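Reading the structure
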Amino acid sequence: MAAPETGPLYLAIDFGTSHIRAAVGPATGTPLAVARRPIRYRRPDGTPDAALEFDPQTAWRIVCETVHEALAASGTDPKTIKGAGVTSQRLGLVLYDKDGRPLYAGPNRDLRAIFEGGEIDADYGNTVWQMTGHGPGFLLSWARFLWFKRNAPEMYDRIRTASTLADWLAFRMTGVLLMEATLGVESGLALVATGHPAGGLGEMLDLDEIDLAPTCPPGTVVGSLTKQAAKELGLRTGTPVVAAGPDTQAGLLGLGATEPDQAGVIAGWSAAVQRVTNIPFFDDTHSMWTGRHIVPDRWVLEGNAGEMGGAYEWLTALVQSWEAPARSMERLDMLASAEPIGARGTSAYLGPTFINMADVGLRTGGLVFPSPLAFEPPTRGSLARATLESFAFAIRFNLDRLALFGGPVKQVAVGGGMVRTRTFNHVLAAVVGHSITIASSGESTALGVLSMAGVATDRDTTMEQVTRLRRSELVSVEPKSSDAAEYHDLYHAWRMRERQLGQIDL
């Protein structure tokens, strides 16, 4: 089947937290096809329980399989793909030897360096924050460097350089290793003000044996597909490969959120709530991250609501385990939509909240409902409704914190997999209290990467054009004024109970 006439077509590859995704489509508009496959992590022998790694060869094979699936589903002749954009989860890390072979590859969930990160915070935390806009230390690459230096010195002595996961993908595809500056900032490897490598931190932490790769701005054509990579991916040799930045910031472009006082919410596995700014704003309490936008001369101030799609997937499997995943989500959405506002007194505290990056740790959570159960036992629908309401409350909590820096945001755009749950969209608009816009496909990151690939490789495509068109593609969701008023009170009640739960020791 031939692909419809859509103009130049591009490939987007996203190495996410739970899945690798590939999308084929134009620089604007809906992707022709999206494929995804789960990522496999492992805990190596002799490492802490919180350690996670992945095998680069296995991950590359999954990337190739996912790309083949997306190309086949799109009906596209692979030779017509004009460029490939790469993005990834933030905080992932790959370490290389002198020949460019990976010695270690770990995701954002590799938390082996808790103690090393604590030492960084105690001794240099404020300096690291001022330079990179990020913390706490155990999340950043430098803590893992320290862990390997102390616990695997023979391996550490072989390390010559490091990169993020998207940089590794681009290197695997082109043979050229650069560090995309925006993603480098998210890992603590680049400076938030300039995007230059944060080599000074290596010297300060006595880790200057590791040479950081040169940085490049987002939208850089890192190189062209090698003959071998092209064969494995099923693409044309010489296809340009574009560094498209972090998954969340690519999602902002997919939402058209590029101007100051706009906010983009990427409600996927986790939920990032980012406010666009024209200068870097720093939260003196270190609660919120300061990062770079993939659009020139823009920065972001980020609140994070934590695990959202992951929590909903857990709930769905728990109450709908006998149905296929897609059907389970659809069925649960229907049940939640039939429930009244407030979910008959049921409240959910499954993780999403305002994550204070200065005090990250375990909290007490759960599902709370009236008892005894004989009064009115919770149903699957009320549990789902309460959970979706809690997600909306968590996003509002983050927007309220962002409002401390310049006042309330004027526009809120939402993407990520959670927007496929229609009840969530309507609840969120009511909780926020004004209209929001939705990227209804849920593939906001893929949309941004496709746009970035188009801007980087087609001189007739500009950032201003794709941003304007991405905004026009969004669907507006208007709340009922009566619902907004009711949710205003429920939001404050939810906040109060969350604080009370936080006082209960695990």
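Residues numbered from 1 in each chain as written. Predicted model: local features only at pLDDT ≥ 70, side-chain atom pairs only at ≥ 80, totals over all residues. Heavy atoms only, no water.

1. Focus: the overall build of the protein chain
What the protein chain contains, in helices and strands, is 16 helices and 21 strands. Rg of the C-alpha trace for the protein chain: 22 Å, near the compact-globule value of 23 Å for 506 residues, within the 12% margin. Reported as C-alpha extents along the three principal axes, the dimensions of the protein chain are approximately 65 × 60 × 45 Å. Evaluated residue by residue, the protein chain yields a buried proportion of 57% over its 506 residues. A total accessible area of about 20400 Å² is found for the protein chain, and carbon and sulfur atoms account for 53% of it. (Helix = DSSP H or I, 4+ residues; strand = E, 2+ residues; numbered from the N terminus. Rg over C-alpha atoms; globule rule 2.2 N^0.38 Å. Buried < 20%, exposed > 50% of the residue type's maximum accessible area, 1.4 Å probe, protein only. Areas by Shrake-Rupley, 256 points an atom, 1.4 Å probe, with all protein chains shown as cover.)

2. Here's the deal with the packing of aromatic side chains
What the rule picks out here adds up to 14 aromatic pairs. Of the aromatic side chains, those joined through ring pairs into one cluster are Tyr349, Phe393, Tyr487, Tyr491 and Trp494. Above the plane of the ring of Trp147 lies Arg112, whose end atom (NZ or CZ) is 4.7 Å from the centre. Sitting above the plane of the Phe397 ring, Arg495 keeps its charged end 3.7 Å from the centroid. (Phe/Tyr/Trp six-rings, centres within 6.5 Å; stacked < 30°, edge-to-face > 60°. Lys NZ or Arg CZ within 6 Å of the ring centre and 35° of its normal.)

3. Looking at the pattern of salt bridges
Tallying each qualifying case throughout the model produces 24 salt bridges. Here Arg150 makes a salt bridge to Glu119, at a shortest N to O gap of 2.7 Å. Taken together, the residues Arg150 in helix H3 (residues 141-151) and Glu119 in helix H2 (residues 114-132) connect sequence positions 31 residues apart. Judged by its relative accessible area of 46%, Arg150 falls in the partly exposed class. By relative accessible area, Glu119 is classed as partly exposed at 35%. For Arg344, the salt bridge is made with Glu376, and the minimal N-O distance between the two is 3.6 Å. With Arg344 in the loop between helix H11 (325-337) and strand E17 (347-349) and Glu376 in the loop between strand E18 (366-368) and helix H12 (380-402), this pair connects stretches of sequence that are 32 residues apart. You can call Arg344 partly exposed: its relative accessible area is 42%. (Salt bridge = Lys/Arg side-chain N within 4 Å of Asp/Glu carboxyl O.)

4. Thoughts on the nonpolar core
Counting 80 residues, the largest nonpolar core has Leu11, Phe15, Trp60, Trp142, Phe145, Met173 and Leu233 as the members making the most contacts within it. Of the residues forming this core, the biggest block, eight residues, is contributed by helix H1 (residues 56-74). The contact partners of Met173, leaving out residues within four places of it in the chain, are Ile13, Trp60, Ala84, Val86, Ser224, Leu225, Thr226, Ala229, Leu233 and Val241. Core analysis: the second largest hydrophobic core is formed by 49 residues, Val265, Ala267, Leu332 and Ala336 among them. (Core = buried A, V, L, I, M, F, W, Y, C linked by side-chain atoms within 4.5 Å. Contact = heavy atoms within 4.5 Å.)

5. Some thoughts on the confidence of the model for the protein chain
Averaged over all residues, the pLDDT of the protein chain is 93; the fraction at 70 or higher stands at 97%. Segment residues 1-5 is flagged for pLDDT under 50; beyond a separation of four residues in sequence, or across chains, it makes eight contacts in the model. (pLDDT = per-residue confidence, 0-100.)

6. Details of the packing of H1 against helix H5 (residues 165-174)
Viewed as axis vectors pointing N to C, H1 and H5 meet at an angle of 80°, and their least axial separation amounts to 12 Å. The angle between the axes of H1 and H5 places the two elements in the roughly perpendicular class. Counted together, Pro56, Gln57, Ala59, Trp60 and Val63 of H1 and Trp168, Leu169, Arg172 and Met173 of H5 form the full contact between these two elements. Here the contact of H1 with H5 is built from residues that sort into seven nonpolar, one polar and one charged. (Axes fitted to C-alpha atoms, helices over the stretch in contact; angles between N-to-C directions. Parallel < 35°, antiparallel > 145°, perpendicular 65-115°, else oblique. Nonpolar A, V, L, I, M, F, W, Y, C, P; charged D, E, K, R; others polar.)

7. Section: helix H14 (residues 444-457)
With 14 residues, H14 extends 20 Å from end C-alpha to end C-alpha; this agrees with the ideal 20 Å at 1.5 Å per step. For H14, a buried count of eleven out of 14 residues is recorded, marking the element as mostly surrounded by other parts of the structure. Of the positions making up H14, those classed as buried are Ser444, Thr445, Ala446, Leu447, Gly448, Val449, Leu450, Ser451, Met452, Ala453 and Gly454. (Expected span 1.5 Å × (residues − 1).)

8. Focus on the side chain of Asp283
Position of Asp283 relative to the elements: it lies in the loop between strand E14 (270-277) and strand E15 (289-292). Comment: no salt bridge for buried Asp283; closest opposite-charge side chain is Arg401, at 4.6 Å. Reaching out from Asp283, the side chain makes a polar contact with the side chain of Thr285 at a distance of 2.8 Å. Separated by 3.1 Å, the side chain of Asp283 and the backbone nitrogen of Met288 make a polar contact. If we ignore the near neighbours within four places in the chain, the residues touching Asp283 are Trp129, Met288 and Phe405. (Lys, Arg positive; Asp, Glu negative; His and termini not counted. Polar contact = N/O pair within 3.5 Å; in protein donor to acceptor, adjacent residues only side chain to side chain.)

9. Considerations on the environment of Val295
Take Val295: it is sitting in the loop between E15 and strand E16 (299-307). Between the C-alpha atoms of Val295 and Pro479, which are 184 residues apart in sequence, the distance is 31 Å.

10. Focus on the pairing of strand E5 (residues 93-96)
Residues in a regular strand project their side chains so that they alternate between the two faces of the sheet. Burial along E5 is two-sided: the face carrying Leu93 and Leu95 and the face carrying Val94 and Tyr96 are both buried. One ladder, built from four bridges, connects E5 with strand E6 (residues 102-106); its direction is antiparallel. Paired with Tyr96 across the bridge in E6 is Pro102. Count of turn residues in the E5/E6 antiparallel hairpin: five residues, of which Gly100 carries a positive phi of about 80°. Pairing geometry for E5 and strand E7 (residues 161-163), over three bridges, is antiparallel. (Pairing = 2+ DSSP bridges.)

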